[in-house]
There are 2 protein chains.
Amino acid sequence: MFESAELGHRIDRKTFEKEVAKLRAELLDVQYDLLQKRDFPVVILVSGVDGSGKSETINLLYSWMDPRHISTLAFSSPTDEERERPFMWRYWRALPPKGKVGIFAGSWYSQPIADRISKKMKRAEMEEVLDEINRFEEMLVNEGALVLKFWFHLSKDAQKVRLKAMEKDPRTAWRVTKASWARLKTYDDLQVVAGHVLRVTNTAHAPWIIIEGTDDNYRSLTVGHVVRDAITRRLAQTGKTSVPVAPPIVAAIDKRTVLSELDLSRALEKKAYEKELAKWQGKLSQLMRDPRFQQNHSLILAFEGSDAAGKGGTIRRVVEAMDARQYQIVPVAAPTDEERAQPYLWRFWRHVPRRGRVTIFDRTWYGRVLVERIEGFCDEDDWLRAYAEINDFEHALVQAGAIVIKFWLQVSKEEQLKRFKEREKTEFKRFKITEEDWRNREKWDAYAQAVCDMVERTSTGRSPWTLVEANDKNHARVKVLRTICERLERVLEGK
Amino acid sequence: MFESAELGHRIDRKTFEKEVAKLRAELLDVQYDLLQKRDFPVVILVSGVDGSGKSETINLLYSWMDPRHISTLAFSSPTDEERERPFMWRYWRALPPKGKVGIFAGSWYSQPIADRISKKMKRAEMEEVLDEINRFEEMLVNEGALVLKFWFHLSKDAQKVRLKAMEKDPRTAWRVTKASWARLKTYDDLQVVAGHVLRVTNTAHAPWIIIEGTDDNYRSLTVGHVVRDAITRRLAQTGKTSVPVAPPIVAAIDKRTVLSELDLSRALEKKAYEKELAKWQGKLSQLMRDPRFQQNHSLILAFEGSDAAGKGGTIRRVVEAMDARQYQIVPVAAPTDEERAQPYLWRFWRHVPRRGRVTIFDRTWYGRVLVERIEGFCDEDDWLRAYAEINDFEHALVQAGAIVIKFWLQVSKEEQLKRFKEREKTEFKRFKITEEDWRNREKWDAYAQAVCDMVERTSTGRSPWTLVEANDKNHARVKVLRTICERLERVLEGK
């Protein structure tokens, strides 16, 4: 894999200077085109062996392009805010918006590679992480990002020579630490691990670009050319490209679905309701203060449902059992412009709670496969691949200790009509019923199909859907509370 | 001060229930009006003695209003990301946007009060902090926020009774800790300190509302009424209210200004430039790696200047001496919608660097007193009070160890014209010259006046302006680099 990067590539100074003058103008040009179009972000990963010119190249890109529209993110040890969230959270928060270039000095590859060399990570764990990375990058590319992954290579001898040279030069000596020399000792291990990592993550949509780091001129010029050409090609590209997706889902021929099988007549009379409500709220309140929850977990509640199914009222009963300082409710409305400049999951990632905290989403990332699908806000390809992306998202949350509980609240078409009419009458509910609600109602069957597809594809072992019969509010509220408590208990007991 | 909160206020259950039904509807109503108008945020601080019902009241507000549009922020010990920035950073990042309600459970008052009681903070320091708080709250109010500060009071006996009652009730026992009883012992100290704090911060624009916490019904109902009435009044208010400001500044009658006195003929020929550039870049590179900088300071560079004065090129020469992983360049363009929903300084606070890091602003918060003043994007009141707000902002930065260096790059009107024309010719600079630049040029004199006023009012001892003669790019770049180095050195040497 690294053979072509040990050929002793070399560019003489004269050729270099001549080329650079032209290259700079072209790089600036494509950068301004990128900025003006604001169509996609450029994500550049810079990885490789020590002394191979990673930081020199990044600094050079800054001097060749307009540094005001590039951001570089170095990831050393995570902050405590990062440690209490999924591994990928820190990278999500650092993603460049459309039109900008984000350089990752050290990336999602660094930690796994280091951990594997030091044997902190088992081979099987490594495979799992690499798989996650591939899926993450695929998502980025499908969301439009241009992903350029550079690996700077040096032969063992070349690395030794470079480290010595850097140590001698007072301007670079500080960068050669004990750790650098230690890493020289593990050079062979790095080659093995990196070779494997690069092979497995050398995907069609985000391939590695391996660059010989020995000669500064060669390395810099090559990177400059690659960046220029890749952005140019991507700007010229008309139409979207995304990974192939399987054709849409077909409805069950006998019309029996998870929704049709719900017994919407389920109800709870007032007295029983009050007793049950008090019981489960008390239970939940206790669980929220359980040190096992506080120290190891966070809670994410996802509420979806038909319009007027009673999400708001249910959420209210849930939070009554919590301390306001512990939870945050995120009502999902139209995305802000900062959110629109990012992959669609970004606006949910930003609300991922820390340990001991709760985020309640009133409507969720499932909007992608519900309203966006039905209203045509995204392409068929987009919502079809969203099922897997969403599963990955929730998987990452659960891996990091989050407890993810998802509810679909279902009312019958008649019950909805009744509630719409009631709401129009009640003054202080006036903002709850809009033209849009009436329009959505006309698409009842399309929504039902979308819900069934969603449940089928995203009800996973560790974050299953709970379908809630919501014609009777009492029943729905108690079922939600009970589900949360039982799930929390199971997780805390380690079952 | 607390006498009126020891009268034994009490509301019987029946009255309470009757009132609440009405109150809830009204609260929801004003909340929806607030949300629809998106004119201002509501900032509610909940402070007071232990056991006085702070969290009960917050939870009650959630159940009375629509919890999806309220956020509560509890501030315990700061995270490491917060610790490395000014004291107020964590509160800035938690401010609710326009249209929403943000409840601060524990606020900017908590730490100072606790530190004063434990004698960690001297009286003089306390006064300084209180002054800062007053100015911060004044800024919030001037920016349109409705600020409601509640202080829940209990007599010493009432507190003891409440703590005992809470301890007995299994649902609340967990909230009574050793610390609660310890605080009972310092009850008298708290009264003294809080009495002083409340008096000094009892401003006309953000007065304290002291509430007797003994009776749940009385306390809850009073808070509900206050919130309802305050939002209602504020919604009804037409036109802006802000603190009085002194009339605009008058130009010097002899036309001599800090700008006219600049010797724009200053220049540096190529050879000397290259030598100086290398010298100061080398120096800067060293200073950036100085452990005294890395551990105790951050660097904020603010660049302002006439159009085409060469800010971009200068910034490029500065960052050449730094590692891309250490700095971030923030080009200030039109605010995003998330930024527009906040006080104007918010979008700069969000980029305040951590320790050892650098943020370079290409155009800055001074836009308020330059372009916004001249184009009439804000009222005269707004830009007139901005001078003090900006000084406070920079003071907070410097207090937290940031080194703030501000540059104004000045070219002559003739030189600007020459550069505009050049830029129109050079292909890869094509995005640098816009219609707007030509329009701005017509307002040359107005800008000159604004710059002089700005320098006069915001060049402070700890963050002075450096005016840079920029007709000659070589001279300008070296002067900027030298200024940065000398300032850094002075600070690191403790001079």
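Here the structure is a predicted model, which is why all the values come from computation and not from measurement.

Cut-offs applied
- Residues numbered from 1 in each chain as written.
- Chains lettered and ligands numbered in written order.
- Predicted model: local features only at pLDDT ≥ 70, side-chain atom pairs only at ≥ 80, totals over all residues.
- Helix = DSSP H or I, 4+ residues; strand = E, 2+ residues; numbered from the N terminus.
- Buried ≥ 20, exposed ≤ 12 C-beta atoms within 10 Å, placed from the backbone.
- Contact = placed C-beta atoms within 7 Å.
- Nonpolar A, V, L, I, M, F, W, Y, C, P; charged D, E, K, R; others polar.
- Least-squares fit on C-alpha atoms with pLDDT ≥ 70 in both.
- Pairing = 2+ DSSP bridges.
- Axes fitted to C-alpha atoms, helices over the stretch in contact; angles between N-to-C directions.
- Parallel < 35°, antiparallel > 145°, perpendicular 65-115°, else oblique.
- Left-handed = near helix turned anticlockwise from the far one by under 90°.
- Arc of directions from axis to C-beta.
- Expected span 1.5 Å × (residues − 1).
- Domains from an automatic or database assignment.
- pLDDT = per-residue confidence, 0-100.

S.K.: I'd like a rundown of the overall build of chain A, residues and numbers included.
M.R.: Secondary structure summary: chain A contains 21 helices and 10 strands in total. Its C-alpha atoms give chain A principal-axis dimensions of about 85 × 50 × 45 Å. Within chain A, the proportion of its 495 residues that are buried is 37%. A separation threshold of at least 6 residues defines the contact pool for chain A, and within that pool the share at least 24 residues apart is 84%.

S.K.: Explain the interface of chain B and chain A to me, using residue names and the numbers behind them.
M.R.: Contacts between chain B and chain A engage 43 residues on the former and 43 residues on the latter. A breakdown of the residues in the side of chain B that touches chain A according to their chemical character gives 17 nonpolar, 12 polar and 14 charged.

S.K.: Could you give me a rundown of the relation of the copies chain B and chain A, with the residues and numbers involved?
M.R.: Between chain B and chain A, which share one sequence, the superposing operator has a rotation angle of 180° and an axial displacement of 0.0 Å; the RMSD is 0.0 Å. The superposition operator between the copies reduces to a two-fold rotation axis. Looking at the interface residues of chain B, 98% of them are also at the interface in chain A, so both copies use one shared face.

S.K.: I'd love a proper account of the sheet that holds strand β1 (residues 42-48) of chain B, names of residues and values included.
M.R.: Residues and elements named next belong to chain B. The strand order β2-β3-β1-β4-β5 describes an open sheet built from 5 strands, whose pairing is parallel. Where the open sheet ends on each side, the last strands, each with one partner, are β2 (70-74) and β5 (208-212). On average, adjacent strands in this sheet sit at an angle of 20° to one another, irrespective of strand direction. Note: β1 against strand β4 (residues 146-153), 7 bridges, orientation parallel. In the strand pairing of β4, V43 is matched with V147.

S.K.: Can you break down the sheet that holds strand β3 (residues 101-105) of chain A residue by residue, with the values?
M.R.: All names here are of chain A. The strand order across the open sheet formed by 5 strands is β2-β3-β1-β4-β5, and the pairing between neighbours is parallel. The strands lining the two open edges of the sheet, one partner per strand, are β2 (70-74) and β5 (208-212). When strand polarity is set aside, the average angle formed by the axes of neighbouring strands in this sheet is 20°. Of the strand pairs in this sheet, strand β1 (residues 42-48) and β3 are connected by 5 bridges, and their pairing is parallel. By the bridge assignment, V43 is partnered in β3 with G102. Each of β1, β4 (146-153) and β5 touches helix α10 (residues 216-236); the most contacted strand, β4, lies at about 165° to it.

S.K.: Account for the packing of helix α1 (residues 13-37) of chain B against helix α10 (residues 216-236) of chain B, naming residues and giving values.
M.R.: All names here are of chain B. Interhelical geometry of α1 versus α10 gives an angle of 30° and a closest axis separation of 9 Å. Classified by the angle their axes make, α1 and α10 are roughly parallel. In this structure, the crossing between α1 and α10 has a hand that is left-handed. Residues R13, F16, E19, L23, E26, L27, V30, D33, L34 and K37 of α1 pack against N217, L221, G224, V227, R228, I231, T232 and L235 of α10. For the contact of α1 with α10, the residue count by class is 9 nonpolar, 3 polar and 6 charged.

S.K.: Before we move on, could you go through the environment of V193 of chain A and cite the residues and values that matter?
M.R.: All names here are of chain A. By the secondary structure assignment, V193 is in helix α9 (residues 187-200). A C-alpha to C-alpha distance of 22 Å links V193 and R162, two positions 31 residues apart in sequence. With residues near it in sequence (within four places) discarded, V193 still touches I113, R116 and I117.

S.K.: Break down the packing of helix α13 (residues 311-319) of chain A against helix α21 (residues 473-492) of chain A for me, citing the residues and quoting the values.
M.R.: Residues and elements named next belong to chain A. Contact geometry for α13 and α21: axes closest at 10 Å, N-to-C directions at 45°. The angle between the axes of α13 and α21 places the two elements in the oblique class. Where α13 crosses over α21, the handedness of that crossing is right-handed. Along its contact with α13, which presents G313, T314, R317 and V318, the element α21 presents K473, A476, R477, V480, L481 and I484. Its residues placed into classes, the contact of α13 with α21 shows 5 nonpolar, 2 polar and 3 charged.

S.K.: Any chance you could break down the pairing of β5 of chain B for me, citing the residues and the numbers?
M.R.: Residues and elements named next belong to chain B. Most of β5 is tucked away: 4 of the 5 residues are buried. Where β4 and β5 come together, 5 bridges link them in parallel fashion. When the sheet's bridge partners are listed, F152 is paired in β5 with I211.

S.K.: Give a detailed account of helix α5 (residues 110-117) of chain A, specifying residues and quantitative values.
M.R.: All names here are of chain A. When α5 is considered as a whole, its buried residues turn out to be P112, I113 and R116. For α5, the arc enclosing every buried residue in end-on projection is 100°, short of the 170-degree limit, so these residues lie on one face. Packing partners of the buried residues in α5 comprise α6 (123-142) and α9. Following α5 by one or two positions, K119 has its phi on the positive side, about 65°.

S.K.: Describe in detail the environment of G310 of chain B, supporting the description with residues and values.
M.R.: Residues and elements named next belong to chain B. The residue G310 is located in the loop between β6 (298-305) and α13 (311-319) in this model. Exposure remark for G310: the 24 C-beta atoms within 10 Å place this residue in the buried category. Taking C-alpha positions, G310 is 13 Å from I433, a pair spaced 123 residues apart along the chain. Here G310 is in contact with L409, A470, K473 and A476, once residues within four sequence places are set aside.

S.K.: Describe helix α9 (residues 187-200) of chain B, with residues and values.
M.R.: All names here are of chain B. Given a rise of 1.5 Å per residue, 14 residues ought to cover 20 Å, and the 20 Å separating the end C-alpha atoms of α9 matches this to within 8%. Listed as buried for α9 are L190, A194, V197 and L198. Buried residues of α9, viewed axially, fall in a sector of 95°; they line one side. Facing away from the buried side of α9, by more than 90 degrees, are the exposed residues D188, G195 and R199. Looking at the buried side of α9, the elements it contacts are α5 (110-117), α6 (123-142), β4 and β5.

S.K.: How would you sum up the pairing of β1 of chain A? Please name residues and give values.
M.R.: Along β1 of chain A, 7 of the 7 residues are buried, which leaves the element largely enclosed by surrounding structure. The side-chain alternation of β1 of chain A yields two buried faces, one formed by V42, I44, V46 and G48 of chain A and the other by V43, L45 and S47 of chain A.

S.K.: Let's hear about the domain arrangement of chain A: which residues, and what values?
M.R.: Residue and element names in this part refer to chain A. The assigned domain composition of chain A is domain 1 (3-236) and domain 2 (270-492). The C-alpha-based centres of domain 1 and domain 2 are spaced at 39 Å. At the interface, 18 residues of domain 1 touch 17 residues of domain 2. Among the secondary structure elements, those contributing two or more residues to the side of domain 1 that touches domain 2 are α4 (89-92) and α6. Counting residues per element, the side of domain 1 that touches domain 2 draws most heavily on α6, at 5 residues. Of the residues contributing to the side of domain 1 that touches domain 2, the split by class is 9 nonpolar, 1 polar and 8 charged.

S.K.: Tell me about the confidence of the model for chain A, and name the residues and values.
M.R.: Detailed reading of the predicted coordinates is not advisable wherever pLDDT falls low. Predicted confidence across chain A gives a mean pLDDT of 91, with 98% of residues reaching 70 or more. Scored as a whole, the predicted complex attains pTM 0.88, and scored at its interfaces, ipTM 0.83.

S.K.: Explain unusual backbone geometry to me, and be specific about the residues and the numbers.
M.R.: Even without a glycine there, the phi angle at R38 of chain A is positive, about 45°. Turning to its location among the elements, R38 of chain A is positioned in the loop between α1 (13-37) and β1. Its 13 C-beta neighbours within 10 Å are what place R38 of chain A among the partly exposed residues. Of note in the backbone geometry, A308 of chain B takes a positive phi value of approximately 65° without being a glycine. Among the secondary structure elements, A308 of chain B is positioned in the loop between β6 and α13. Since 23 C-beta atoms lie within 10 Å of it, A308 of chain B is described here as buried.

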